[in-house]
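Now for the letters of each chain:
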Amino acid sequence: MSIGEYSAATGPTTPGPTPHGDRADEPPAPTGRPRLKRGVPSGLWLRCDDCGETLFRKEVERLMNVCNVCGRHMYLSARDRVRYVLDDGTFDEWDADLSPADPLGFADKKPYAERVVAEQKRTGLRDAALTGAGMIRGRRVAFGVTDSAFIMGSMGSVVGEKLTRLIERATEQGLPLVIISGSGGGARMHEGILSLMQMAKVSAALARYDDAGGLFISVLTNPTMGGVAASFASLGDLILAEPKALIGFAGPRTIKATLRTELPDGFQTSEFLLEHGYIDRIVRRADLKSEIARIIDYCGK
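The paragraphs below set out a description of the structure included in this document. (Residues numbered from 1 in each chain as written. Predicted model: local features only at pLDDT ≥ 70, side-chain atom pairs only at ≥ 80, totals over all residues. Heavy atoms only, no water.)

## Describing the layout of surface pockets
Its volume calculated, the largest pocket comes out at about 220 Å³. Every residue lining the largest pocket is counted, 14 residues in all, and those nearest its centre are Asp49, Asn65, Arg72, Met74 and Tyr75. Those elements that provide at least two residues to the lining of the largest pocket are strand 3 (45-47) and helix 1 (57-62). Looking at the lining of the largest pocket residue by residue, the classes come out as five nonpolar, four polar and five charged. (1 Å grid on protein atoms, 1.4 Å probe; cavity = no way out; pocket = protein on both sides within 12 Å on 5 of 7 lines; lining within 4 Å. Points joined across faces, edges and corners; volume = space filled by probe spheres on them. Helix = DSSP H or I, 4+ residues; strand = E, 2+ residues; numbered from the N terminus. Nonpolar A, V, L, I, M, F, W, Y, C, P; charged D, E, K, R; others polar.)

Structural data, given as structure tokens:
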């Protein structure tokens, strides 16, 4: 048979040219443009620092930034804590216009004044504390929260002033006081002795609040360290903590290097501190709102 002739049993004996001049069993000729690969959009996934699992971000956010595998409580912003703990639309922010000054003209890698402006733009906060009043299941409270995203939640003059004013208003109005601490930076070195003075100022305001019969619920989150842990965060009538939170004054590595000895397993975690009587209860983030409401009712406030 000649090329292009047919066999009754098998069809064409030799394939003829395709309409484009290519063989039928060959892929189409390249067009000269590279084929674009469809990748996974960024930001959809995150990795848990505790268990190492890769997590779907929306699922983690639905659980209030808690790992759905190991239960690790991840960072939560001050605004989100207000949203999750207080009743919707009840938060009335106090002293929102207070902003840090630069009394020492301090500079490290960059001038302190520039650092403050950069942190304000990045976090949307004036400083590391957010204070005001709101409702928790219909119970009005004075409410404060510190945010580790703003210079590690360190306590400078504005943080100390806002917390002091919060406590004084709670005293005047007879309100239960709730402060959620997420401060890993302690006193803010950029403000020198003025920062250290805030520890005494806030503690003195709490003493007056206690004399007036107020109820102070302190909630410790990861991390609560330094001058914050050494002052108002440890002075609660009831001290609650999130699971596996790092709580203490100096970090474990600093203590280990100073004492030159091995530290107990889980040293400075909320579980270790509960066992040794430093805190009263470990409360999961999803249960915190209900737990605070129960405490207020139990104490008759």
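## As for the pattern of salt bridges
Per the stated rule, a full pass over the model turns up 20 salt bridges. Here arginine 169 ties to aspartate 95 by a salt bridge, and the two come within 3.1 Å at their closest N and O atoms. Of this pair, arginine 169 sits in helix 4 (residues 157-173) while aspartate 95 sits in the loop between strand 5 (92-93) and helix 3 (112-123), and the two are 74 residues apart along the sequence. Classification of arginine 169 by relative accessible area gives partly exposed; the value is 26%. Since its relative accessible area comes to 11%, aspartate 95 is described here as buried. Between aspartate 127 and arginine 188 there is a salt bridge whose closest N-O contact spans 2.7 Å. With aspartate 127 in the loop between helix 3 and strand 6 (129-136) and arginine 188 in the loop between strand 8 (177-181) and helix 5 (193-211), the pair connects residues that are 61 residues apart, well separated along the chain. Judged by relative accessible area, arginine 188 falls into the buried class, the value being 1%. (Salt bridge = Lys/Arg side-chain N within 4 Å of Asp/Glu carboxyl O. Buried < 20%, exposed > 50% of the residue type's maximum accessible area, 1.4 Å probe, protein only.)

## Focus: the sheet that holds strand 7 (residues 139-146)
Spatially, seven strands are ordered 5-6-7-8-9-10-11 in an open sheet, and the strand pairing comes out mixed. The sheet is open, and its two borders are formed by strand 5 and strand 11 (281-282), each paired with just one other strand. (Pairing = 2+ DSSP bridges.)

## Observations concerning the pairing of strand 7
Counting buried residues in strand 7 gives six out of eight residues, a clear majority hidden from the surface. Between the end of strand 6 and the start of strand 7, which pair antiparallel, lie two residues, with arginine 137 showing a positive phi angle near 50°. Where strand 7 and strand 8 come together, four bridges link them in parallel fashion. Following the sheet pairing, alanine 142 is matched in strand 8 by leucine 177. Considered for its hand, the β-α-β crossover made up of strand 7, helix 4 and strand 8 is right-handed. (Right-handed = clockwise from strand over helix to strand, strands pointing away.)

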